[in-house]
Amino acid sequence: MVQAYILIQTDVGKASTVAEEIGKIPGVVQAEDVTGPYDVIVRAQADTVDDLGRLVVAKVQQVDGITRTLTCPVVHL
């Protein structure tokens, strides 16, 4: 299992809507609207890194109102 945090910037006033829509996507564990340089932070999981990439590109980035994403895979050192 691969997990990652996805940091999302949205259009002004869209953070709450974006977080709600992303929270419905299978593989998304949690989606929260936050303050700071990012508007939404998502925790997601998938079976492989490739599956995680497909989740981000094919599902998360397609949500209306997103302007930029940064995916940060979780590592266990």
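Reading the values: rules and limits
Residues numbered from 1 in each chain as written. Predicted model: local features only at pLDDT ≥ 70, side-chain atom pairs only at ≥ 80, totals over all residues. Heavy atoms only, no water. Helix = DSSP H or I, 4+ residues; strand = E, 2+ residues; numbered from the N terminus. Buried < 20%, exposed > 50% of the residue type's maximum accessible area, 1.4 Å probe, protein only. Contact = heavy atoms within 4.5 Å. Areas by Shrake-Rupley, 256 points an atom, 1.4 Å probe, with all protein chains shown as cover. Lys, Arg positive; Asp, Glu negative; His and termini not counted. Charge placed at Lys NZ, Arg CZ, Asp CG, Glu CD. Salt bridge = Lys/Arg side-chain N within 4 Å of Asp/Glu carboxyl O. Polar contact = N/O pair within 3.5 Å; in protein donor to acceptor, adjacent residues only side chain to side chain. Pairing = 2+ DSSP bridges. Axes fitted to C-alpha atoms, helices over the stretch in contact; angles between N-to-C directions.

Enquirer: Residues and numbers for the overall build of the protein, please.
Expert: For the protein, the helix and strand inventory stands at two helices and four strands. Ordered by position in the sequence, the α and β elements of the protein form the string β-α-β-β-α-β. Buried positions account for 31% of the 77 residues belonging to the protein. The contacts in the protein between residues at least 6 apart in sequence include a share of 68% that link residues at least 24 apart. When the accessible surface of the protein is summed, it comes to about 4,900 Å², and 51% of that surface belongs to carbon and sulfur atoms. With 6 positive and 10 negative side-chain charges, the protein shows a spacing of 3 Å between the two charge centroids.

Enquirer: Describe in detail the side chain of Thr-10, supporting the description with residues and values.
Expert: Position of Thr-10 relative to the elements: it lies in strand 1 (residues 2-10). Assessed through its relative accessible area of 10%, Thr-10 is described here as buried. Not counting the four nearest positions on each side in its chain, Thr-10 is found in contact with Ala-15, Val-18, Asp-39, Val-40, Gly-65, Ile-66 and Thr-67.

Enquirer: Let's hear about the pattern of salt bridges: which residues, and what values?
Expert: On inspection of all chains with the given rule, the structure shows two salt bridges. Linking Lys-24 and Glu-21 is a salt bridge whose minimum nitrogen-to-oxygen distance equals 3.3 Å. In this structure, Arg-54 and Asp-51 form a salt bridge, with 2.7 Å as the shortest nitrogen-oxygen distance. Of this pair, Arg-54 and Asp-51 both sit in helix 2 (residues 49-59), separated by three residues, roughly a single helical turn.

Enquirer: Which residues make up the environment of Arg-43, and what are the values?
Expert: The residue Arg-43 is located in strand 3 (residues 40-46) in this model. Along the chain, Arg-43 and Ala-15 lie 28 residues apart, while their C-alpha atoms are 15 Å from each other. Not counting the four nearest positions on each side in its chain, Arg-43 is found in contact with Gln-3, Ala-4, Tyr-5, Gly-27, Val-28, Val-29, Gln-30 and Val-74. A distance of 2.4 Å separates the side chain of Arg-43 from the side chain of Tyr-5, its partner in a polar contact.

Enquirer: An account of the sheet that holds strand 2 (residues 28-33) is requested, with residue identities and associated values reported.
Expert: Pairing in this open sheet of four strands is antiparallel, and the strands run 2-3-1-4 from one edge to the other. Only two strands of the sheet have a single neighbouring strand rather than two, namely strand 2 and strand 4 (66-73). In this sheet, adjacent strand axes meet at a mean angle of 20° when their direction is disregarded. Sheet analysis places strand 1 next to strand 3, joined by seven bridges and oriented antiparallel. Along strand 3, the bridge assignment pairs Gln-3 with Gln-45. In the packing of helix 1 (residues 15-22) onto the sheet, contacts are made with strand 1, strand 2, strand 3 and strand 4, and the angle to strand 2 comes to roughly 170°. Contacting strand 1, strand 3 and strand 4, helix 2 crosses the sheet at an angle of about 140° to strand 3.

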